[in-house]
Every structure is written in structure tokens, then in C-alpha cells.
Amino acid sequence: MNDEVQLKINDKNGAFYIEVNGKQESLMTFVFAGEDKIIIDHTEVNPGNEGKGFGKKMVTKAVEFARKKGIKIIPLCPFAKSVFDKTPEFRDVL
């Protein structure tokens, strides 16, 4: 099963998402805030995908993206915030 996190950016908005067999099964949206921050505003995982770690994978990808770009993340989404709360090693991008 290929559940690699993919990224799409459209001007000031973007999303990390996972497709399984060509169908999008999870989505985490963000918006750019100025030049040096993104705000994660929503995370959703389709029913039937609970426990697969898709949400955490998307947050991990967002952290990698932020580190690579030298930007910060504001996790407005409660799910994303909970992952940051539980994962001290991600806090360098907050």
C-alpha cells in the first residue's frame, strides 16, 4: 500500500494529503501567513482509516517542509496541536 504523504500548493493555500489506490483518504490543509509561517487549519481522515497514523504522518511531513523552508508552523487545528503537544522533537518549528 502506498500511503506516501503528498503536497499541493495553490498560491497562499496548501495541503498535505494521502492517496490510497488513487483515492484521497486524508487531508491536512494550511495557509501561508506572511513569508515565514504556515497555519495548519484543518485535518481530516476518511472513515475506515482510523489507527493508520495518517494524521501524524501528515504533521510529520509538514514539520519536514517547515524545516526545509526555514519557516514556522501555527497549529490552529486541534488535531495538529495535539500531535505537537505529544511530540517535543517537532517543537523547533513552532
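Just so it is clear, the structure is predicted and the values come from calculations on it, not from any experiment. (Residues numbered from 1 in each chain as written. Predicted model: local features only at pLDDT ≥ 70, side-chain atom pairs only at ≥ 80, totals over all residues. Heavy atoms only, no water.)

1. Brief notes about the environment of Val 31
- With respect to the secondary-structure elements, Val 31 resides in strand S3 (residues 23–33).
- Those residues in contact with Val 31 that lie beyond four places of it in its chain are Lys 12, Asn 13, Lys 37, Ile 38, Ile 39 and Asp 41. (Helix = DSSP H or I, 4+ residues; strand = E, 2+ residues; numbered from the N terminus. Contact = heavy atoms within 4.5 Å.)

2. Points about helix H1 (residues 54–69)
- For H1, spanning 16 residues, the distance from its first C-alpha to its last is 23 Å, which sits close to the expected 22 Å at 1.5 Å a residue.
- Here H1 has its buried residues at Phe 54, Gly 55, Met 58, Val 59, Ala 62, Val 63, Phe 65 and Ala 66.
- Tucked into the core, H1 has its buried residues touching strand S1 (5–10), strand S2 (13–20), S3, strand S4 (37–45), strand S5 (72–75) and helix H2 (78–86). (Expected span 1.5 Å × (residues − 1). Buried < 20%, exposed > 50% of the residue type's maximum accessible area, 1.4 Å probe, protein only.)

3. Re the pairing of S4
- With eight bridges connecting them, S3 and S4 associate as antiparallel partners. Following the sheet pairing, Phe 32 is matched in S4 by Ile 38.
- Connecting the antiparallel pair S3 and S4 is a turn made up of three residues, with Gly 34 showing a positive phi of about 70°.
- Relative to S5, S4 runs parallel, the two sharing four bridges. What sits directly across from Lys 37, in S5, is Lys 72.
- In this region the chain leaves S4, passes through H1 and returns to the parallel neighbour S5; the handedness of that crossover is right-handed. (Pairing = 2+ DSSP bridges. Right-handed = clockwise from strand over helix to strand, strands pointing away.)

4. Here we look at the environment of Met 28
- Tracing the chain through its elements places Met 28 in strand S3.
- It is 6.2 Å that separates the C-alpha atoms of Met 28 and Tyr 17, two residues lying eleven residues apart in sequence.
- When near neighbours in sequence (up to four residues on either side) are disregarded, Met 28 contacts Gly 14, Ala 15, Phe 16, Ile 40, His 42, Thr 43, Met 58, Val 59 and Ala 62.

5. What to know about the packing of H1 against H2
- Put simply, H1 and H2 touch, their axes get as near as 10 Å, and they point 75° apart. Classified by the angle their axes make, H1 and H2 are roughly perpendicular. Contacts between H1 and H2 involve Gly 55, Lys 56, Val 59 and Val 63 from the former and Phe 79, Ala 80, Val 83 and Phe 84 from the latter. (Axes fitted to C-alpha atoms, helices over the stretch in contact; angles between N-to-C directions. Parallel < 35°, antiparallel > 145°, perpendicular 65-115°, else oblique.)

6. Focus: the sheet that holds S3
- One open sheet accounts for five strands, arranged S1-S2-S3-S4-S5; its pairing is mixed. Both outer strands of the open sheet, S1 and S5, are each paired with one neighbouring strand and no more. On average, adjacent strands in this sheet sit at an angle of 30° to one another, irrespective of strand direction.
- Seen against the sheet, H1 touches S1, S2, S3, S4 and S5 and runs at an angle of roughly 135° to S2.
- H2 contacts S4 and S5 of the sheet and is inclined by roughly 120° relative to S5.

Keep in mind that these numbers describe shape and distance, not what the molecule does.
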